[in-house]
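# Chain and residue survey
What follows is each chain in one-letter form.
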Amino acid sequence: AQTVTQSQPEMSVQEAETVTLSCTYDTSESDYYLFWYKQPPSRQMILVIRQEAYKQQNATENRFSVNFQKAAKSFSLKISDSQLGDAAMYFCAYSQTQGGSEKLVFGKGMKLTVNP
Amino acid sequence: EPEVTQTPSHQVTQMGQEVILRCVPISNHLYFYWYRQILGQKVEFLVSFYNNEISEKSEIFDDQFSVERPDGSNFTLKIRSTKLEDSAMYFCASSRDRNTDTQYFGPGTRLTVL
């Protein structure tokens, strides 16, 4: 079974600084998707970024980028120029590709605090 | 931008009562999901639904749970006889395609069972 591990329960960063959130996963599949979702205090789950395992290029979305290390099964999220609105729980998630299970498998999440 | 909506935002019920949680997925999406998140814990998959039938369900999704798409827009989760441990945040999600498309989540319904 696939598992997703977020070993850091909490992190903090100064506004305008850069922070990296770590995630590791375990799978025997060669193709899959990885996601970072953000959950602010409102508790809505918001997609931050998505990576397809067959793509070697790391995904980027404005201030958010990932460092995808397939061999190491590592998928970290880098937030540049941190803003107060980035404060939230961040969840790493995994899903199989076409033909596999449809479910998202989530890590336990990490609470990010942004200090002014 | 289209979004998934859920009602109510907060539901309080007595143990043993039936509850129905409602979701309106994004209009051109074909795959629908329910997840739950017990306070302080990870988000867990409950069930996926396509073409008017369940396509996958987890061990959590026992006979107390059912899902339905009663019309062209709503997608519901029913819990027949609620237990204290059903208290959680319930998220609906939808996607255009199976697996290849991103699942977009609604704002969640907080269910409190007393």
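Everything discussed here concerns the structure shown above.
Overview of the structure. (Residues numbered from 1 in each chain as written. Chains lettered and ligands numbered in written order. Predicted model: local features only at pLDDT ≥ 70, side-chain atom pairs only at ≥ 80, totals over all residues. Heavy atoms only, no water.)

With that settled, consider the overall build of chain A. Secondary structure assignment for chain A yields 0 helices and 12 strands. The order of α-helices and β-strands along chain A, N terminus first, is β-β-β-β-β-β-β-β-β-β-β-β. In terms of overall dimensions, chain A is globule-like: its C-alpha atoms have a radius of gyration of 14 Å, near the 13 Å expected for 116 residues. Projected onto its principal axes, the C-alpha positions of chain A cover 45 × 25 × 20 Å. Here the analysis covers contacts within chain A between residues at least 6 apart in sequence; of these, 56% occur between residues at least 24 apart. Carbon and sulfur atoms make up 45% of the accessible area of chain A, which totals about 5,600 Å². The positive charge centre, built from 11 side chains, and the negative charge centre, built from 11, are 4 Å apart in chain A. (Helix = DSSP H or I, 4+ residues; strand = E, 2+ residues; numbered from the N terminus. Rg over C-alpha atoms; globule rule 2.2 N^0.38 Å. Contact = heavy atoms within 4.5 Å. Areas by Shrake-Rupley, 256 points an atom, 1.4 Å probe, with all protein chains shown as cover. Lys, Arg positive; Asp, Glu negative; His and termini not counted. Charge placed at Lys NZ, Arg CZ, Asp CG, Glu CD.)

A separate point is the pattern of salt bridges. Residues and elements named next belong to chain A. On inspection of all chains with the given rule, the structure shows 5 salt bridges over all chains. One salt bridge connects Asp 26 with Lys 73, and the closest N-O pair in it is separated by 3.6 Å. Of this pair, Asp 26 sits in strand S4 (residues 24–26) while Lys 73 sits in the loop between strand S8 (64–69) and strand S9 (74–79), and the two are 47 residues apart along the sequence. Residue classification places Asp 26 among the partly exposed positions, given a relative accessible area of 39%. Linking Asp 86 and Arg 63 is a salt bridge whose minimum nitrogen-to-oxygen distance equals 2.8 Å. In this pair, Asp 86 is assigned in the loop between S9 and strand S10 (88–96) and Arg 63 in the loop between strand S7 (60–61) and S8, connecting sequence segments 23 residues apart. The exposure classification of Asp 86 matches that of Arg 63, with both residues buried. (Salt bridge = Lys/Arg side-chain N within 4 Å of Asp/Glu carboxyl O. Buried < 20%, exposed > 50% of the residue type's maximum accessible area, 1.4 Å probe, protein only.)

On to the sheet that holds strand S1 (residues 5–7) of chain B. Residues and elements named next belong to chain B. The 4 strands are arranged S1-S3-S8-S7 in an open sheet whose pairing can be described as antiparallel. Among the strands making up the open sheet, the edge pair consists of S1 and strand S7 (65–68). Averaged over all pairs of adjacent strands, the angle between their axes in this sheet comes to 20°, without regard to strand direction. Where S7 meets strand S8 (residues 75–79), 4 bridges bridge the pair, whose relative direction is antiparallel. Bridge pairing in S8 links Glu 68 to Thr 76. (Pairing = 2+ DSSP bridges. Axes fitted to C-alpha atoms, helices over the stretch in contact; angles between N-to-C directions.)

What follows is about the layout of surface pockets. Each pocket or cavity is described by its volume, and for the largest pocket that value is around 360 Å³. What lines the largest pocket is a set of 15 residues, and nearest its centre among them are Lys 103, Leu 104 and Val 105 of chain A together with Glu 44 and Phe 45 of chain B. Contributing elements (two or more residues each) for the lining of the largest pocket: strand S1 (3–5) and strand S11 (105–106) of chain A together with strand S5 (43–50) of chain B. Sort the elements by how many residues they give to the lining of the largest pocket and S5 of chain B lands first, with 3 residues. By volume, the second largest pocket is sized at about 290 Å³. Along its surface, the second largest pocket is lined by 17 residues, and Gln 39, Ala 88, Met 89, Phe 91 and Lys 111 of chain A are the ones closest to its centre. For the lining of the second largest pocket, the secondary structure elements donating two or more residues are S10 and strand S12 (110–115) of chain A. (1 Å grid on protein atoms, 1.4 Å probe; cavity = no way out; pocket = protein on both sides within 12 Å on 5 of 7 lines; lining within 4 Å. Points joined across faces, edges and corners; volume = space filled by probe spheres on them.)

Quick look at the nonpolar core now. Residues and elements named next belong to chain A. With 27 residues, the main nonpolar core has Trp 36, Leu 77 and Tyr 90 as its most contacted residues. For this core, the elements supplying multiple residues, two or more each, are strand S3 (19–21), strand S5 (32–39), strand S6 (46–52), S8, S9, S10 and S12. Looking at this core element by element, the count peaks at 4 residues for S10. (Core = buried A, V, L, I, M, F, W, Y, C linked by side-chain atoms within 4.5 Å.)

One pass over the structure, following the stated rule, counts 2 disulfides over all chains. The disulfide bridge from Cys 23 of chain A ends at Cys 92 of chain A, spanning 2.0 Å between sulfur atoms. Between Cys 23 of chain A and Cys 92 of chain A the sulfur-sulfur dihedral comes to about -70°; the bridge is accordingly left-handed. Linking Cys 23 of chain A in the loop between S3 and S4 with Cys 92 of chain A in strand S10, this pair joins segments that are 69 residues apart in sequence. Cys 92 of chain A matches Cys 23 of chain A in its accessibility class, with the two residues each being buried. Each sulfur of the disulfide joining Cys 23 of chain B and Cys 92 of chain B lies 1.9 Å from the other. Judged by the sign of its S-S torsion, about -60°, the cystine formed by Cys 23 of chain B and Cys 92 of chain B is left-handed. Remark: Cys 92 of chain B occurs in strand S9 (residues 88–95) and Cys 23 of chain B occurs in strand S3 (residues 19–24); sequence separation between them is 69 residues. Considered together, Cys 23 of chain B and Cys 92 of chain B belong to a single accessibility category, that of buried residues. (Disulfide = S-S within 2.5 Å.)

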